[in-house]
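# Secondary and tertiary structure notes
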Amino acid sequence: MTAIRNIVLVHGGFVDGSGWQGVHEHLTADGYRVAVVQNPTLSLAGDVAATHHVLDGLDGPAVLVGHSYGGVVITEAGNHPNVAALAYIAAFAPDKGESVGSLIADPPPGAPVPPILPPQDGFLFLDRDKFAASFAADVPEAQAAFMADSQVPWGVDALGGAVSEPAWRTKPSWYLVATDDRMIPPPAQRAMSERAGATVSETPGSHAVYVSRPAVVAAVIAQAAESPGGQS
């Protein structure tokens, strides 16, 4: 039994993989081999295929990490034989038949509602003027503005992509709850992580906690890699 040395990072909707840079730096400094998946974000099937492409190239087991919608991707892609453990960072952790669309369809009273604009030509964006407050409230103002201006079009088909077989049912998982999240309400994060049987930790942070608190996020991922449950 040896600790996992491969880490694969999967980004969510509206952003690309560059937001993982701080987490990447912490993990590589600790000797992990880290790959970042650049999701096309057109459909769940396409993003799972992109993730499988990275996993296929590994020389051993990996911790598969997802942020936000990336949690849906890892829930489906995590059935790949090279995945030994899952780590959810303020992420959706759907069950069989669930999608982001179904999980956000009926928000509880008083919960913050993400400022998603009506779809245009099959793609979704966040309201630029509300992006920082909703997605990246604890990220430096200039960086949050850049994230808002560099949004990745998120396909409606990705929003509706349903999981066929949740990997958390057969593989150990870890979950980091961002307690100041205004995109995925913390109570929803806690409910999904509990349902998945994940090892849960919490930290103050916005939805962009992987950008604002990379050391905390990297520590959770390292815990997954080093835990007996995540070893291979």
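A brief report on the enclosed structure follows. Think of each chain on its own: its residues are numbered from 1, step by step along the sequence as written. Side-chain atom pairs in this predicted model are given and counted only at pLDDT of 80 or more, local residue features only at pLDDT of at least 70, and totals for whole chains, interfaces and linings cover all residues. As a rule here, side-chain values cover all heavy atoms of the structure and leave hydrogens and water aside.

What follows covers the side chain of glutamine 151. Following the sequence through the fold, glutamine 151 ends up in the loop between helix 6 (141-149) and strand 6 (154-155). The term polar contact refers here to a pair of N or O atoms within 3.5 Å; inside protein, the definition further demands a hydrogen-donor-capable atom paired with an acceptor-capable atom, and it admits residues adjacent in sequence only when both atoms are side-chain atoms. There is a polar contact of 3.1 Å between the side chain of glutamine 151 and the backbone oxygen of alanine 148. When near neighbours in sequence (up to four residues on either side) are disregarded, glutamine 151 contacts Phe14, Phe125, Leu126, Arg128 and Phe131. Secondary structure follows DSSP: runs of H or I at least 4 residues long count as helices, runs of E at least 2 residues long count as strands, and numbering of each begins at the N terminus. Whether two residues are in contact is decided by their heavy atoms: any pair within 4.5 Å suffices.

Okay, the nonpolar core next. To define a nonpolar core, start from buried Ala, Val, Leu, Ile, Met, Phe, Trp, Tyr and Cys residues and group those joined through side-chain atoms within 4.5 Å. The buried label goes to any residue with under 20% of its type's maximum accessible area, the exposed label to any with over 50%, and the partly exposed label to all in between, with areas taken from a 1.4 Å probe on protein chains only. Core analysis: the biggest nonpolar cluster contains 75 residues, and Ile7, Val63, Phe135, Met147, Tyr210 and Ile221 have the highest contact counts within it. For this core, the leading source of residues is strand 4 (residues 83-91), giving 9 residues. Not counting chain neighbours up to four residues away, the residues in contact with isoleucine 7 comprise Leu27, Tyr32, Arg33, Val34, Ala35, Val63, Val65, Ile221 and Ala225.

Right, let's talk about the sheet that holds strand 3 (residues 62-68) for a bit. The strand order across the open sheet formed by 6 strands is 2-1-3-4-7-8, and the pairing between neighbours is parallel. If you trace the sheet from one side to the other, it starts and ends with strand 2 (33-37) and strand 8 (199-203), each paired once. Between one strand axis and the next, the sheet turns by 20° as a mean value, whatever way the strands run. As paired strands, strand 1 (residues 6-10) and strand 3 are joined by 5 bridges and run parallel to one another. Bridge pairing in strand 3 places valine 8 opposite leucine 64. Across the sheet, helix 1 (residues 21-29) touches strand 1 and strand 2, and the angle it forms with strand 2 is around 160°. Under this scheme, a helix contributes an axis fitted over its contacting stretch, all axes are lines through C-alpha atoms, and angles between N-to-C directions fall in the 0 to 180 degree range. Seen against the sheet, helix 3 (residues 70-77) touches strand 1, strand 3 and strand 4 and runs at an angle of roughly 145° to strand 3. Paired strands, in this sense, are two strands between which DSSP finds at least two bridges.

Another point: the pairing of strand 1. The buried count for strand 1 comes to 5 of 5 residues, which makes it a mostly enclosed element. On strand 1, burial covers both faces: Asn6, Val8 and Val10 on one face and Ile7 and Leu9 on the other are all buried. With 5 bridges connecting them, strand 1 and strand 2 associate as parallel partners. Considered in strand 2, the bridge of valine 8 is made with alanine 35. Note on handedness: a crossover is taken as right-handed if, strands pointing away from the viewer, the path from the first strand over the helix to the second is clockwise. In this fold, the crossover linking strand 1 to strand 2 by way of helix 1 has right-handed handedness.

The next subject is helix 1. For helix 1, the complete set of buried residues consists of Gly22, Val23 and Leu27. All buried residues of helix 1 project into a common sector of 125° when viewed along the axis, lining one side. Pointing more than 90 degrees away from the buried face of helix 1 are the exposed residues Gln21 and Ala29. Taken together, the buried residues of helix 1 touch strand 1, strand 2, helix 9 (209-212) and helix 10 (214-226). Arc definition: directions from the helix axis to the C-beta atoms.

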